[in-house]
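Each chain, written out:
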Amino acid sequence: MASKKSKDIAETPELADEAWVSVIQKMDETYADLVHYQVEIERKNLELEQTQGFLDSVQSAMNDVLIVCDKQGVIQQVNSALEQLTGEQADRLIGKPFVELVAQPYQTKITAMQNQLRLTPVRDCEVELVGHEGGVPLAMNCSPRKDKRGRMAGMVMVGRPLGELQKAYKELNKTHAELKLAQERLIQSEKMASLGRLVAGVAHELNNPISFVYGNMHALRRYTEKLVTYFNAVSENSSRAELRELRENLRLDRAIQDLNSLVAGTMEGADRVRDIVRDLRQFSSCQEAEKTLFDFNHVIKTALHWIIKESNRPVQVDLNLPAQLMALGHSGQIHQVIVNLIQNAVDAMQQQPQARLELSAGETAERVWFTILDSGPGLPEEHLSRVFDPFFTTKPVGEGTGLGLSISYGIVTEHGGKLSLHNYPSGGVMVRLELPKQAPLSGDREDING
């Protein structure tokens, strides 16, 4: 049958030509497919080479150590950072158990890390690798590597050398210590500035009564010398006429009449010195155990007196205080706050032709308040929100530390009070201080907490 069909094709030339054309077409299609497959393979190889080159460049650029292991912890791939750390090439590291690269004291930690990895990734596990120059501490992160089915096929470990981190941490600690020291020095400088103002005020304040006492004592010495002269004459049995004449010459009657006033004046001066010393002790008593009720008016007047006495230019003061005003707190600390507030107000008026202060105080049902209004130029709006920030100051360099208002704000806040500052509509700056009048009752605390 087949021979007959071949014979038919051979005997028919048209059929033979069609068969050959069909064969040639199939061969052309097959060749085209081969060429297409060849081009596609070359393109895929090029992409694979580019991807491999990209991955190699990324791994080479990594400063952190990269290690890929199987489930048993056998190394499958490493980067150049590990080669540099260990001093060995990748081909000598691949196939080696990772635990052999770890220092002996940390090998049990690696085992625990591998067990933990089955449940959760490991973060910041500190280990030490054996490097060619000695032990190298690493902060190791380890994540599971999974296959297509989502099963754990190995693990990927990334370790950052702690040397740089420790160096950065030491530098940070050093900078923090320097900053803390600078802050302490600035606070000390502010305290010394406050102490300087205090000493100047106290010196002015003590000068008058001490000078008064000193002058009275000189007069008492002269009167004592006259009395001694007269009584010596009496003891020598001088005649009445001689004693009368001596008494008139020494003006003893006038001296005797003046003795009481001299003693009274001396006592008054001594009492004034005692009051100043008491106020000074009150100012310095900033570490009282408990807050107590104190005379708010007396603290205001004393602080004002000290600052105005020290001022190198006249300041007009309008003082509006009630007859009696009591506040709760540490009187010495509040005295320090008011001294600082008044001093700032006086400093703000240095360039004004006329310096004027308005000091007022009063009370509400629960608080006492105190305001200071100066005649200065006021503050720029952008500075109002920063005046209580530490180290912020509008004074020239070298004239202020920027800590006075910050410390005052902290003291007032600790007392449960409020300290605010704003520009007054008619000019100048108004500062308002509020303090509690009495300690909150236990029931009040419960209501507040509730």
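Anything mentioned here points back to the structure above.
All of these numbers come straight from a predicted model, not from anything done at the bench. (Residues numbered from 1 in each chain as written. Predicted model: local features only at pLDDT ≥ 70, side-chain atom pairs only at ≥ 80, totals over all residues. Heavy atoms only, no water.)

### Looking at the pattern of salt bridges
Any two side chains of opposite charge can pair if their charged atoms end up close together.
Then, number 1: One pass over the structure, following the stated rule, counts 10 salt bridges.
Then, number 2: Between Arg 160 and Asp 64 there is a salt bridge, and its shortest N-O distance comes to 3.2 Å. Remark: Asp 64 occurs in the loop between helix H2 (13-61) and strand E1 (65-70) and Arg 160 occurs in strand E5 (residues 152-161); sequence separation between them is 96 residues. (Salt bridge = Lys/Arg side-chain N within 4 Å of Asp/Glu carboxyl O. Helix = DSSP H or I, 4+ residues; strand = E, 2+ residues; numbered from the N terminus.)

### Considering the sheet that holds strand E4 (residues 134-146)
Then, number 1: Strands sit in the order E2-E1-E5-E4-E3 across an open sheet of five strands; the sheet is antiparallel. Since the sheet does not close on itself, it has two edges, and those belong to strand E2 (75-78) and strand E3 (122-131), each with one partner. Taking the axes of each pair of neighbouring strands and ignoring which way they run, one obtains an average angle of 30° across the sheet.
Then, number 2: Pairing of E3 with E4 involves eight bridges; the strand directions are antiparallel. By the bridge assignment for E4, Leu 129 is matched with Val 136.
Then, number 3: Packed on one face of the sheet, helix H5 (residues 107-117) meets E3, E4 and E5 and runs near 145° to E3. (Pairing = 2+ DSSP bridges. Axes fitted to C-alpha atoms, helices over the stretch in contact; angles between N-to-C directions. Contact = heavy atoms within 4.5 Å.)

### Quick word on the sheet that holds strand E11 (residues 418-423)
Then, number 1: Pairing is mixed in the open sheet, where five strands are placed in the order E7-E9-E10-E12-E11. Of all strands in the sheet, those with a lone pairing partner are strand E7 (316-320) and E11, marking the two edges. Each strand of the sheet is rotated relative to its neighbour by a mean of 15°, with strand direction disregarded.
Then, number 2: Pairing analysis gives seven bridges linking strand E10 (residues 367-374) to strand E12 (residues 429-436), with the strands arranged antiparallel. Of the residues in E12, the one forming a bridge with Thr 371 is Arg 432.
Then, number 3: Packed onto the sheet, helix H10 (residues 331-348) meets strand E9 (356-363), E10, E11 and E12 and runs at close to 20° relative to E10.
Then, number 4: Seen against the sheet, helix H12 (residues 404-414) touches E11 and E12 and runs at an angle of roughly 135° to E11.

### Some details on the nonpolar core
Then, number 1: In terms of nonpolar packing, the biggest core is built from 37 residues, with Phe 296, Ile 338, Ile 342, Leu 357 and Phe 370 touching the most fellow members.
Then, number 2: Every element with two or more residues in this core is listed here: helix H9 (296-310), H10, E9, E10, H12, E11 and E12.
Then, number 3: With 26 residues, the next largest nonpolar core counts Leu 82, Val 122, Met 140 and Met 152 among its residues. (Core = buried A, V, L, I, M, F, W, Y, C linked by side-chain atoms within 4.5 Å. Buried < 20%, exposed > 50% of the residue type's maximum accessible area, 1.4 Å probe, protein only.)

### Observations concerning the packing of aromatic side chains
Then, number 1: According to the stated counting rule, one finds two aromatic pairs in the structure shown.
Then, number 2: Where Phe 296 meets Phe 370, the ring centres are 6.3 Å apart and the plane angle is 80°; that geometry is what we call edge-to-face. Of this pair, Phe 296 sits in helix H9 while Phe 370 is found in strand E10, placing the two residues 74 residues apart along the sequence.
Then, number 3: Looking at Phe 370, the relative accessible area reads 1%, which means it is buried.
Then, number 4: Ring pairs connect the aromatic residues Phe 294, Phe 296 and Phe 370, which therefore count as one cluster. (Phe/Tyr/Trp six-rings, centres within 6.5 Å; stacked < 30°, edge-to-face > 60°.)

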